[in-house]
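# A structural walkthrough
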Amino acid sequence: DQQVKQNSPSLSVQEGRISILNCDYTNSMFDYFLWYKKYPAEGPTFLISISSIKDKNEDGRFTVFLNKSAKHLSLHIVPSQPGDSAVYFCAASDGNAGNMLTFGGGTRLMVKP
Amino acid sequence: ETGVTQTPRHLVMGMTNKKSLKCEQHLGHNAMYWYKQSAKKPLELMFVYNFKEQTENNSVPSRFSPECPNSSHLFLHLHTLQPEDSALYLCASSQDPGTASSPLHFGNGTRLTVT
């Protein structure tokens with residue numbers, strides 16, 4: 001059974017608006033979460049991360065929110081730009097696993113001009 | 001050349017063939033990884049190498065054989081594969097495999113088709 005789930009396979013947003021990508025996890029031992037972005041024909045690239053001791057981390061237009069009680073995290077992109085169109089992967093790690101990440105299935109974001 | 005480089009980008013092989021995927025990282029990292037991405041499935045970790053030593057084998061069938069001659073190069077040797085092994089194979093590296101706060105840097109992958 002998948003321990004990290006991204007239930008929305010795709011999301012379409014208008015340029016300038018907010019994009020919200022969601023991720024749910026089941027393993028309560030996960031204590032570090034990351035988002036990766038993948039363009040076609042390229043490998044995933046690291047975007048932003050958050051430790052379980054925080055509930056929010058912001059980097060420019062990107063903010064990740066963590067709700068530990070709900071085992072839920074989200075990535076907010078404001079304002080969305082056409083260049084943000086890509087597949088976004090959520091990933092998680094527990095303290096023992098280090099960099100052996102468990103990935104979600106990805107959400108394809110399309111930002112329309 | 002910078003980053004993580006994978007060759008070939010595309011590979012088609014028969015079930016009786018033997019082929020190898022190559023990965024090279026130019027980032028001075030200590031750990032290297034093989035991930036597999038099948039259609040409609042999340043990325044799955046296959047192998048981890050730390051300072052050339054294999055530290056993780058995620059129950060991968062023996063028809064996949066990794067090799068890490070040094071901390072900059074990683075190979076995945078393939079033999080007698082099955083059609084269901086068709087997937088995107090991604091190599092990654094990181095400075096420290098022991099912490100997720102040392103992000104993975106991925107190559108562009110090898111798209112493998114087994115016929």
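Details of the structure are given in the entry above.
Cut-offs and rules
- Residues numbered from 1 in each chain as written.
- Chains lettered and ligands numbered in written order.
- Predicted model: local features only at pLDDT ≥ 70, side-chain atom pairs only at ≥ 80, totals over all residues.
- Heavy atoms only, no water.
- Helix = DSSP H or I, 4+ residues; strand = E, 2+ residues; numbered from the N terminus.
- Rg over C-alpha atoms; globule rule 2.2 N^0.38 Å.
- Buried < 20%, exposed > 50% of the residue type's maximum accessible area, 1.4 Å probe, protein only.
- Contact = heavy atoms within 4.5 Å.
- Pairing = 2+ DSSP bridges.
- Core = buried A, V, L, I, M, F, W, Y, C linked by side-chain atoms within 4.5 Å.
- Axes fitted to C-alpha atoms, helices over the stretch in contact; angles between N-to-C directions.
- Disulfide = S-S within 2.5 Å.
- Polar contact = N/O pair within 3.5 Å; in protein donor to acceptor, adjacent residues only side chain to side chain.
- Phe/Tyr/Trp six-rings, centres within 6.5 Å; stacked < 30°, edge-to-face > 60°.

## Quick notes on the overall build of chain B
Regarding its fold elements, chain B presents zero helices and 11 strands. The C-alpha radius of gyration of chain B comes to 13 Å, within 12% of the 13 Å expected for a compact globule of 115 residues. Taken along the three principal axes of its C-alpha coordinates, chain B extends 40 × 30 × 25 Å. By residue count, 47% of the 115 residues in chain B fall in the buried class. The contacts of chain B with a sequence gap of at least 6 include a subset with a gap of at least 24, amounting to 53%.

## Let's talk about the pairing of strand 4 (residues 30–38) of chain A
Residues in a regular strand point their side chains to alternate faces of the sheet. Residues and elements named next belong to chain A. With eight of nine residues buried, strand 4 is to be regarded as a mostly interior element. Note: strand 4 against strand 9 (residues 86–94), eight bridges, orientation antiparallel. Note on strand 9: the bridge partner recorded for Phe33 is Ala92. Strand direction decides the pairing type here: strand 4 and strand 5 (residues 45–51), joined by six bridges, are antiparallel. Counterpart to Leu34 in the pairing with strand 5 is Ser49. Turn length for the strand 4-strand 5 hairpin, with the two strands adjacent in sequence and antiparallel, is six residues, and the turn residue Ala41 shows positive phi of about 65 degrees.

## Section: the nonpolar core
Across soluble globular proteins, you tend to see nonpolar side chains buried next to one another. Core analysis: the largest hydrophobic core is formed by 23 residues, its most contacted members being A:Phe33, A:Trp35, A:Leu73, A:Leu75 and A:Tyr88. Mapped onto this core, the elements with two or more residues apiece are strand 3 (19–25), strand 4, strand 5, strand 7 (62–67), strand 8 (72–77), strand 9 and strand 11 (107–112) of chain A. For A:Leu75, the contacting residues outside a window of four places in its chain are A:Ser19, A:Ile20, A:Leu21, A:Trp35, A:Leu47, A:Ile48, A:Phe62, A:Thr63 and A:Tyr88. The next biggest cluster of nonpolar side chains, apart from the first, holds 22 residues, and it includes B:Leu21, B:Met46, B:Phe64 and B:Leu78.

## Re the sheet that holds strand 1 (residues 4–7) of chain B
All names here are of chain B. Pairing is antiparallel in the open sheet, where four strands are placed in the order 1-3-8-7. The open sheet has two free edges, formed respectively by strand 1 and strand 7 (64–70), since each of these has just one partner strand. Ignoring which end each strand starts from, the neighbouring axes of this sheet average 20 degrees apart.

## Thoughts on the state of the cysteines
Simply put, the disulfide is a covalent bond whose two ends are the sulfur atoms of two cysteines. All names here are of chain B. This structure, assessed with the given rule, holds two disulfides over all chains. For Cys23, the disulfide goes to Cys91, at an S-S distance of 1.9 Å. Classification of the bridge connecting Cys23 and Cys91 rests on its S-S torsion, roughly -75 degrees, and on that basis the disulfide is left-handed. Note that Cys23 is positioned in strand 3 (residues 18–25) and Cys91 in strand 9 (residues 87–94), a separation of 68 residues in sequence. Considered together, Cys23 and Cys91 belong to a single accessibility category, that of buried residues.

## A look at the sheet that holds strand 1 (residues 4–5) of chain A
Residues and elements named next belong to chain A. Within the open sheet, the five strands sit side by side as 1-3-8-7-6. Their pairing is antiparallel. A strand with exactly one partner marks an edge of an open sheet, and here the two such strands are strand 1 and strand 6 (56–59). Strand direction decides the pairing type here: strand 3 and strand 8, joined by six bridges, are antiparallel. The partner of Ser19 across the bridge, within strand 8, is Ile77.

## Structural notes on the environment of B:Glu24
Residues and elements named next belong to chain B. Along the chain, Glu24 falls in strand 3. Residues Glu24 and Gly3, 21 residues apart in the sequence, show an inter-C-alpha distance of 8.4 Å. Residues in contact with Glu24, not counting those within four places in the same chain, are Gly3, Val4, Thr5, Ser72 and His73. Within polar-contact distance, the side chain of Glu24 engages the side chain of His73 at 3.4 Å.

## Topic: the packing of aromatic side chains
On inspection of all chains with the given rule, the structure shows 11 aromatic pairs over all chains. Consider the rings of A:Tyr36 and B:Phe106, whose centres lie 5.7 Å apart with planes at 90 degrees: the pair is edge-to-face. Of this pair, A:Tyr36 sits in strand 4 while B:Phe106 sits in strand 10 (residues 105–106), on two different chains. The same class applies to A:Tyr36 and to B:Phe106, which are both buried. An aromatic cluster of at least three residues, connected via ring pairs, comprises A:Tyr36, A:Phe46, A:Phe89, A:Phe103, B:Tyr35 and B:Phe106.

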